[in-house]
Amino acid sequence: MNYISTRGAAPVLSFGEAMMTGLARDGGLYVPEAVPVMANADIAALAGLHYEEIAFRVMWPYLGGLFSEAEFRGLIQNAYAGFGHAARAPLVQLGPNHFLLELFHGPTLAFKDFAMQLIGQMMQAALAKSGERITIVGATSGDTGSAAMEAFRGLANVDLFILYPHGRVSEVQRRQMTTPSEANVHALAMDGDFDDCQARVKDMFNDFAFRDGVRLAGVNSINWARVLAQAVYYFSSAVSLGAPHRAVSFTVPTGNFGDIFAGYIARSMGLPIDKLVIATNQNDILDRAMRSGSYVTDGVRPSISPSMDIQVSSNFERALFDAYGRDGGAVAQLMAELKAGGFAISQGALEMLRGTFASGRCSEEETVATIRAAYAATGEVLCPHSAVGVKVAEEHLGDVPMITLATAHPAKFPDAVEAAMGVRPALPARMGDLYDRPERLTRVANDLAALQAIIRERTGR
Ligand SMILES: *Cc1c(COP(=O)(O)O)cnc(C)c1O
């Protein structure tokens, strides 16, 4: 299986190469040259299997022989062994035709564990074969960094550095990044905001001498391997509600469009998904674009669902690539216009997108009201991101069963949840000592040379 760039001007790569590369050299995102379609009988046969076996069957065609079957099965087992629920991604019922897919039973209590745990295992196994050692540097507003720390701690062939904005992540998120004690993982608390952190990481990738010297790699949400790992729970949940014999819909709390794009891949593989509903908070560029056809940036307003506070959704480029008939030149043109503020989606592309995706937006007040109402009606405690999803899903309920993705555990955002419903959600017992573990972090200035010096010194490169 080959991977091509959405901007049409970068080398074609294998799965392993695309996983290590992240962003394509032409600025685009890697996608499979052709999505493998699963026969209805093969989808039906997934019903009742363990999550790990479903993961193996869904992902195997994409790997192009990077691992043997037995190796890949072992990596999947390791990836999900630390989850706090035997079903990995359990479904609970909210109403007659509305279900919640709990994706927060991983080690850092957010759905990002599903992909990050597996990508950690896959990268380590691929590097152990080649004998190479890499340096991963990532920027985070909270959840990606904690998931990466947990996934890469103690791996022999990887050094991990996470840049987070000092004083601007929740205490749980910070402690999840600063309490791992392994020598190969480093939490760097930088002066500035998330955009500053991301800008410095970009600078490092653009400094080719540094990039080659430390063997820099990335694990942000545009990494194809992460998208692929997230396609699995669309299958596991849909078959448990009767797919492929009946269709289901999904509502996805959306920021960078990675999670919902994984649903689009599942649909392209033949899973009968009726609608994929994009749920945004007050940072609603995607909802506005779906309604008006204009994709125009508008600044970021901080919300109580901070993991969805984005200016532009990077993975939306992958959907545009298909909507424009896989014309890389057309996508490159749109992205150039985006740099100047925005672009208009062509009529044909908009029709294609509207055939697959619906959308809705949830204000701060509606988020709070939804947390309160869901608790009163069902006893389910929602995190603010999941509440955005539930509110938008309720506007799209119909004959087709709706599955809303619950993207984080409420205890990861205890202040917002307590403010909404007057009860402080407790951390699961298995991580109850998080507040007692010693922290280890390095305060750093918003200064490229100083950051590079720290990374060179700690990696000895
Ligand atoms: C990352 C994240 C999201 C947004 O996911 P995308 O793939 O960026 O759309 C939503 N909720 C939570 C809790 C997250 O951590």
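So, here is what we can say about the structure in this document. (Residues numbered from 1 in each chain as written. Predicted model: local features only at pLDDT ≥ 70, side-chain atom pairs only at ≥ 80, totals over all residues. Heavy atoms only, no water.)

1. Notes on the state of the cysteines
Okay, so step 1: Under the definition given, this model contains 0 disulfides.
Okay, so step 2: Left unpaired, Cys383 is separated from the closest cysteine sulfur, that of Cys362, by 12 Å. (Disulfide = S-S within 2.5 Å.)

2. Overview of the pairing of strand E14 (residues 402-406)
When a strand is regular, its side chains alternate between the sheet's two faces.
Okay, so step 1: Among the 5 residues that make up E14, 5 are buried, leaving the element largely enclosed by the rest of the structure.
Okay, so step 2: Along E14, one buried face is formed by Met402, Thr404 and Ala406 and the opposite face, lined by Ile403 and Leu405, is buried too.
Okay, so step 3: Where strand E4 (residues 98-102) and E14 come together, 5 bridges link them in parallel fashion. In the strand pairing of E14, Glu102 is matched with Ala406.
Okay, so step 4: As paired strands, strand E9 (residues 248-253) and E14 are joined by 3 bridges and run parallel to one another. Bridging from a neighbouring strand, Ser249 pairs with Met402 of E14. (Buried < 20%, exposed > 50% of the residue type's maximum accessible area, 1.4 Å probe, protein only. Helix = DSSP H or I, 4+ residues; strand = E, 2+ residues; numbered from the N terminus. Pairing = 2+ DSSP bridges.)

3. Side note on the site of the ligand
Okay, so step 1: Not every one of the 15 residues close to the ligand is listed here, only the nearest: Lys112, Asp143, Gly255, Asn256 and Thr407.
Okay, so step 2: Contact distances for the ligand include 3.2 Å between an oxygen atom and a backbone N or O atom of Gly258.
Okay, so step 3: Bound to the protein, the ligand loses 96% of the 390 Å² it would expose on its own.
Okay, so step 4: By residue class, the composition of the shell around the ligand is 5 nonpolar, 7 polar and 3 charged. (Near = heavy atom within 4 Å. Polar contact = N/O pair within 3.5 Å; in protein donor to acceptor, adjacent residues only side chain to side chain. Areas by Shrake-Rupley, 256 points an atom, 1.4 Å probe, with all protein chains shown as cover. Nonpolar A, V, L, I, M, F, W, Y, C, P; charged D, E, K, R; others polar.)

4. Let's talk about the nonpolar core
Where a protein is soluble and globular, its nonpolar side chains tend to be buried together.
Okay, so step 1: Formed by 115 residues in total, the largest nonpolar core has its most connected members in Phe152, Tyr233, Tyr234, Phe235, Phe250 and Phe357.
Okay, so step 2: With residues near it in sequence (within four places) discarded, Phe250 still touches Tyr234, Ser237, Ala238, Ile273, Lys275, Leu276, Val277, Met402, Ile403 and Leu405.
Okay, so step 3: Within the second largest apolar cluster, 17 residues are counted, among which are Ala139, Phe161, Leu188 and Met190. (Core = buried A, V, L, I, M, F, W, Y, C linked by side-chain atoms within 4.5 Å. Contact = heavy atoms within 4.5 Å.)

5. A few points about the sheet that holds strand E3 (residues 91-95)
Okay, so step 1: What the 6 strands build is an open sheet, ordered E3-E4-E14-E9-E10-E13; its pairing is mixed. Only two strands of the sheet have a single neighbouring strand rather than two, namely E3 and strand E13 (357-361). Strand-to-strand twist of the sheet, defined as the mean angle between neighbouring strand axes without regard to direction, takes the value 25°.
Okay, so step 2: The pairing of E3 with E4 spans 4 bridges and is classified as antiparallel. Bridge pairing links Gly95 to His98 in E4.
Okay, so step 3: Packing against the sheet, helix H10 (residues 224-240) makes contact with E3, E4, E9, strand E10 (273-280) and E14, and its axis sits at approximately 140° to E9. (Axes fitted to C-alpha atoms, helices over the stretch in contact; angles between N-to-C directions.)

6. Overview of unusual backbone geometry
Okay, so step 1: Of note, the bond from Ala243 into Pro244 is cis; its omega dihedral lies within 30 degrees of zero at 5°.
Okay, so step 2: Phi at Arg215 is positive, roughly 55°, even though this residue is not glycine.
Okay, so step 3: Assignment of secondary structure puts Arg215 in the loop between helix H9 (208-213) and strand E8 (216-217).
Okay, so step 4: Look at Phe257: it is not a glycine, yet its phi comes out positive at around 70°.
Okay, so step 5: Residue position: Phe257 is located in the loop between E9 and helix H11 (258-268).

Geometric values such as these leave the question of function open.
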